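# Secondary and tertiary structure notes
Okay, here's what each chain looks like letter by letter:
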Amino acid sequence: MRVLRAVATLNSGSRAAVAATSRAGQGVRYFTLGSRVVGNNNGEISEQPRWTGNCRSVIVEGRRQFSSSSVSRAAALSAAELALKQAKELAAANMTAEAAAARMTPEEAKRLSAVRNIGIAAHIDSGKTTVTERILFYTGRVKAIHEVRGRDGVGAKMDSMELERERGITIQSAATFADWKMKKNGEEETYHINIIDTPGHIDFTIEVERAMRVLDGAVMVLCAVSGVQSQTITVDRQMKRYNVPRISFVNKMDRMGANPFKAVDQINHKLKLAAAAIQIPIGTEKEFEGVIDLVEMKAIRNDGQKGVNIKVSKEIPANLKELAQQKRQELIEKLADVDPEIEELFLEEQEPTIAQIKAAIRRQTIACKFTPVLMGSAIACTSIQPMLDAVCEYLPNPSDVTNTGLDKSKGEAPVQLVPYNSLPFVGLAFKLEENPYGQLTYIRVYQGSLKKGQYLYNSRTDKKVRIPRIVRMHSNEMEDVAEIGAGEICAVFGVDCASGDTFTDGGLPYTLSSMYVPDAVMSLSIKPKRSSDADAFSKAMNRFMREDPTFRLTVDEESEETIISGMGELHLEIYVERLRREYKVDCETGQPRVAYRETVTRKTDFDFLLKRQSGGPGDYARVVGWVEPNPYHAEENHFETRVVGGNIPDKYLAACGKGFQEACIKGPLLGHKVIGSSMIITDGATHVTDSSDYAFNLASQMAFRKAFNEAGGQVLEPLMKTTITAPVEFQGNLLLLMNKRGTIVDTDVGADDFTMIAECSLNAMFGFSTHLRAATQGKGEFSMEFSHYAPAPPHLQKELVEKYEKELAAKRTK
């Protein structure tokens with residue numbers, strides 16, 4: 001007796017199909033259930049129930065039982081449904097995190113444990129790119145060290161853009177990877193580290209945002225002199241938003257005034273995160289030569305050219321022994337505050353072992369409750385290797401972090417993603433980049449593996465795409481690979497998608513939450529100097545908007561100006577410069593034209609006669625009435641007819657109303673829309689042959705324009721409801737700043753921050769982001785929304801009207 005067995009295919013999950021056929025003339029129906037079933041928790045293949053109608057027999061749990069010739073169709077279906085349900089339940093059980101972890105092979109577990117996905121983030125000029133350059137040098141990824149700003153004509157590896165090397169700042173986040181060999185328990189272990197170097201300037205904050213969305217850990221770099229700065233606070237907020245564990249590295253220890261313990265104190269108080277130094281410096285400022293490891297109580301110094309060799313000594317300098325003991329005790333006390341195991345030992349007055357301290361640091365770092373603080377000097381090539389050891393020792397591997405997706409089939413219920421190669425693929429496209437080979441899409445693989453030539457489904461568009469090429473990025477260089485495992489970061493070509501799209505292999509209805517995109521804070525009007533550059537300009541704008549979600553382009557309906565919006569002046573300036581360099585398009589920029597409005601302030605009568613003869617039938621129309629402010633609505637226009645006696649036929653009255661509405665589209669003072677005006681027509685006259693719809697339409701327009709000035713025509717400017725949030729210590733600076741720009745409506749003072757609400761003219765808010773940063777040391781934030789229109793100051797109205805009249809005169813002379 002032959003027994004049919006289920007075929008287990010772990011990669012594809014579980015599928016079941018029921019097929020029914022009938023043989024003509026025999027009256028026999030064949031029902032076949034085929035099921036591919038995943039293994040059990042021990043990785044074994046289990047035989048599942050299989051029912052078949054062939055030979056009118058049932059095979060259940062490997063036993064053949066002959067049925068009678070009168071097997072009903074209902075019974076067949078119920079058996080099929082039962083088997084299908086069992087197959088689905090087994091597949092679901094094997095998709096859980098616990099089941100996947102239990103099935104994980106030792107090789108797979110070892111691979112995952114050696115993977116680290118980290119970002120280097122900090123305030124501008126804290127030394128992020130310099131730190132990354134040393135990491136690449138000590139791991140053997142680059143053969144020579146080059147400095148930021150391209151002083152040696154080469155520039156740092158991670159600053160691949162020409163503009164970055166000129167200005168000495170990071171504009172785009174750059175990805176790379178390296179292998180670090182670390183000695184652990186007397187054995188050498190190799191760790192694979194994916195690194196993203198992020199910008200420090202707040203204008204490029206989206207680069208940090210999307211890096212934090214996909215990273216498992218981070219190195220927060222601080223300046224030993226300045227400590228926690230404005231962008232450090234922003235980066236801290238981003239790390240907390242995505243629950244990214246971090247270790248802190250106090251850089252620039254060789255600078256005058258360096259004080260790492262000030263930075264530790266600021267992390268505790270300003271960032272509200274438990275922190276303690278796990279190292280203390282040997283020497284300060286120019287005398288800085290290494291660090292003392294407080295966990296193992298040993299001295300670590302760099303030796304050889306560029307500090308390639310590490311000298312470890314059990315002997316601690318005599319003048320530092322007392323400080324080392326004090327800071328080690330502070331470390332244990334700080335850990336006792338956040339870790340129950342160390343707390344118990346501390347209360348029992350027992351000394352924790354080295355292994356217990358390291359385990360507690362790792363536990364609480366991964367839980368985002370603690371950050372160990374290391375110190376060194378990247379420019380002096382000192383104490384970078386111990387920081388790399390700390391990355392491997394204390395930051396999580398992909399399986400230590402809980403990553404969740406959303407199941408669209410269950411109303412976007414959260415589901416845990418497991419970094420196991422044999423599970424169905426789930427990945428997130430977090431960054432797009434254009435290069436000579438086409439669009440490059442950076443993908444974080446959360447679950448499953450990605451192979452060259454594989455087909456994926458975009459969960460947003462439901463489109464099927466093929467992956468023709470997979471690369472690992474090393475700044476602007478690429479290394480082709482055939483396959484990428486779970487938990488890794490790679491880049492692919494030939495995929496048309498948007499930033500934040502989720503990809504699956506088609507077997508899972510999962511999607512991933514995208515990243516937070518802040519609102520634009522500054523706008524500029526822009527146009528190419530040469531009309532022949534319009535195509536290149538359009539192509540560049542489309543590319544920039546795809547790559548950067550904070551860069552936006554709109555066309556103003558009134559002024560027909562092209563408006564670009566972004567995170568600040570530098571942000572927009574960089575894009576204008578890239579237009580010139582990469583697309584050879586020179587552009588003119590300026591302040592966007594403000595959407596002013598015009599209105600009337602008092603009642604004025606009019607009696608207007610249009611009488612024109614042009615050889616044939618002429619134009620004749622007379623309208624009488626008055627213009628006044630709209631008593632019903634301050635921002636809408638109102639037209640009314642009170643003609644008696646049929647002096648103006650009804651067919652012409654409709655043309656009068658249309659003429660009034662057309663006149664309101666372009667006001668007489670500035671050419672902006674007219675609002676809050678009312679036109680009442682009470683009388684008029686017609687001509688037997690020369691009157692027409694066109695004549696009365698035109699007469700109404702001309703009557704309104706003539707009466708507008710006499711009715712006290714006025715310019716209205718948009719007032720914006722502006723909300724500003726900043727630390728309490730800057731309240732005085734902001735009061736001075738806002739009193740010049742508008743009216744303060746409300747102020748709410750909290751323990752650390754205060755919020756101010758003001759009504760400001762939009763015209764006065766251009767360039768405000770720069771002034772706000774200067775007044776609050778970069779720690780203030782603001783948002784604007786339209787509130788209402790209000791009369792513009794007389795001097796501003798006069799300037800605007802004169803400028804508009806000059807523009808009209810210039811157009812007439814052309």
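These lines cover the structure that appears in this document, whether it is placed above or below. (Residues numbered from 1 in each chain as written. Predicted model: local features only at pLDDT ≥ 70, side-chain atom pairs only at ≥ 80, totals over all residues. Heavy atoms only, no water.)

On to the packing of aromatic side chains, then. Using the criterion set out here, one finds 10 aromatic pairs in the structure. Measuring from ring centre to ring centre gives 6.2 Å for Phe-544 and Tyr-583, while their planes differ by 85°; the resulting arrangement is edge-to-face. In this pair, Phe-544 sits in helix H13 (residues 534-547) while Tyr-583 sits in helix H14 (residues 569-583), placing the two residues 39 residues apart along the sequence. The pair formed by Phe-544 and Tyr-583 is uniform in burial state, with each residue classed as buried. An angle of 15° between the planes, with centres 4.9 Å apart, marks the rings of Tyr-652 and Phe-696 as stacked. Of this pair, Tyr-652 sits in helix H15 (residues 650-665) while Phe-696 sits in helix H16 (residues 693-710); the two residues are 44 residues apart in sequence, bridging distant segments of the chain. Counting every residue linked through ring pairs, the aromatic cluster contains Phe-544, Phe-551, Tyr-575 and Tyr-583. (Phe/Tyr/Trp six-rings, centres within 6.5 Å; stacked < 30°, edge-to-face > 60°. Helix = DSSP H or I, 4+ residues; strand = E, 2+ residues; numbered from the N terminus. Buried < 20%, exposed > 50% of the residue type's maximum accessible area, 1.4 Å probe, protein only.)

In this section: empty space enclosed by the protein. Summed over all chains, the structure comprises three cavities of 30 Å³ or more. The calculated volume of the largest cavity comes to roughly 110 Å³. Every residue lining the largest cavity is counted, 15 residues in all, and those nearest its centre are Ile-171, Gln-172, Glu-207, Asp-548 and Tyr-575. At the level of elements, helix H6 (205-214), strand E18 (426-435) and H14 are the ones that each hand at least two residues to the lining of the largest cavity. Taken together, the residues of the lining of the largest cavity break down into six nonpolar, two polar and seven charged. In this model, the second largest cavity occupies a volume close to 80 Å³. If you go around the second largest cavity, the residues you meet are Ala-175, Thr-176, Phe-177, Asn-194, Ile-195, Ile-196, Tyr-442, Arg-472, Met-473, Ile-489, Cys-490 and Ala-491. Counting residues per element, the ones that place at least two in the lining of the second largest cavity are strand E6 (174-184), strand E7 (187-197), strand E23 (469-474) and strand E26 (489-493). Taken together, the residues that form the lining of the second largest cavity break down as nine nonpolar, two polar and one charged. (1 Å grid on protein atoms, 1.4 Å probe; cavity = no way out; pocket = protein on both sides within 12 Å on 5 of 7 lines; lining within 4 Å. Points joined across faces, edges and corners; volume = space filled by probe spheres on them. Nonpolar A, V, L, I, M, F, W, Y, C, P; charged D, E, K, R; others polar.)

Once that is clear, we can look at the side chain of Glu-598. Relative to the assigned elements, Glu-598 resides in strand E33 (residues 597-599). Within the buried core, Glu-598 has no salt-bridge partner, and the shortest N-O distance to an opposite charge, that of Arg-705, equals 7.4 Å. Within the local environment of Glu-598, its side chain forms a polar contact with the backbone nitrogen of Leu-669, the two atoms lying 2.9 Å apart. Polar side-chain contacts of Glu-598 include one of 3.2 Å to the backbone nitrogen of His-672. Beyond its immediate stretch of four places on either side in the chain, Glu-598 contacts Gly-667, Pro-668, Leu-669, Leu-670, Gly-671, His-672, Lys-673, Val-674, Ile-675, Phe-708 and Gln-714. (Lys, Arg positive; Asp, Glu negative; His and termini not counted. Salt bridge = Lys/Arg side-chain N within 4 Å of Asp/Glu carboxyl O. Polar contact = N/O pair within 3.5 Å; in protein donor to acceptor, adjacent residues only side chain to side chain. Contact = heavy atoms within 4.5 Å.)

Moving on, we get to the pattern of salt bridges. Inspection of every chain in the model, using the stated rule, returns 35 salt bridges. A salt bridge links Lys-431 to Glu-207; the nearest nitrogen and oxygen atoms lie 3.6 Å apart. You can see Lys-431 sitting in strand E18 and its partner Glu-207 sitting in helix H6, a full 224 residues away along the chain. On the accessibility criterion, Glu-207 (5% relative accessible area) is buried. Arg-581 is the partner of Glu-577 in a salt bridge, and the nearest nitrogen-oxygen pair spans 2.8 Å. Of this pair, Glu-577 and Arg-581 both sit in helix H14, four residues apart, which is roughly one turn of the helix. According to the relative accessible area criterion, Glu-577 is buried, its value standing at 17%. Several salt bridges converge on common partners, so that one network encompasses Glu-108, Arg-111, Arg-472 and Glu-488.

The next subject is unusual backbone geometry. Despite not being glycine, Glu-349 shows a phi value in the positive range, around 55°. By secondary structure assignment, the location of Glu-349 is in the loop between helix H10 (340-347) and helix H11 (354-366). A relative accessible area of 75% means that Glu-349 is categorised as exposed. Even without being a glycine, Lys-584 presents a positive backbone phi close to 55°. Within the fold, Lys-584 resides in the loop between H14 and strand E32 (587-590). Lys-584 sits in the exposed class, given a relative accessible area of 58%.

With that settled, consider the pairing of E23. Among the six residues in E23, five count as buried, and that is most of the element. Summarising the sheet, E23 and strand E24 (residues 477-481) pair through five bridges and their orientation is antiparallel. Paired with Met-473 across the strands is Met-478, a residue of E24. Between E23 and E24, which pair antiparallel and follow one another directly, the connecting turn spans two residues, one of which, Ser-475, has a positive phi of 60°. (Pairing = 2+ DSSP bridges.)

Before going further, it helps to spend a moment on H6. Counting buried positions over the 10 residues of H6 gives 10, a clear majority of the element. Buried within H6 are the following residues: Thr-205, Ile-206, Glu-207, Val-208, Glu-209, Arg-210, Ala-211, Met-212, Arg-213 and Val-214.

Looking at where His-192 falls in the secondary structure, it is placed in strand E7. Looking at His-192, its side chain comes within polar contact range of the side chain of Asp-179, at 3.0 Å. The residues touching His-192, leaving out its near neighbours within four places in the chain, are Ala-114, Val-115, Arg-116, Phe-177, Ala-178, Asp-179, Arg-472 and Glu-488.

Core analysis: the largest hydrophobic core is formed by 49 residues, its most contacted members being Met-212, Met-239 and Ile-267. Among the elements that take part in this core, H6 stands out by supplying four residues, more than any other. Dropping the residues within four chain positions of it, Ile-267 is found in contact with Met-220, Leu-222, Val-228, Ser-248, Lys-272, Leu-273, Ala-275, Thr-371 and Val-373. Listed in part, the 48 residues of the second largest apolar core include Ile-118, Val-131, Ile-193 and Ile-247. (Core = buried A, V, L, I, M, F, W, Y, C linked by side-chain atoms within 4.5 Å.)

One open sheet accounts for four strands, arranged E11-E12-E13-E14; its pairing is antiparallel. Only two strands of the sheet have a single neighbouring strand rather than two, namely strand E11 (279-282) and strand E14 (309-313). This sheet shows a mean twist of 30° between the axes of neighbouring strands, independent of strand direction. Bridge count between strand E13 (residues 298-303) and E14: five bridges; the pairing is antiparallel. Note that in E14 the partner of Asn-302 across the bridge is Ile-310. (Axes fitted to C-alpha atoms, helices over the stretch in contact; angles between N-to-C directions.)

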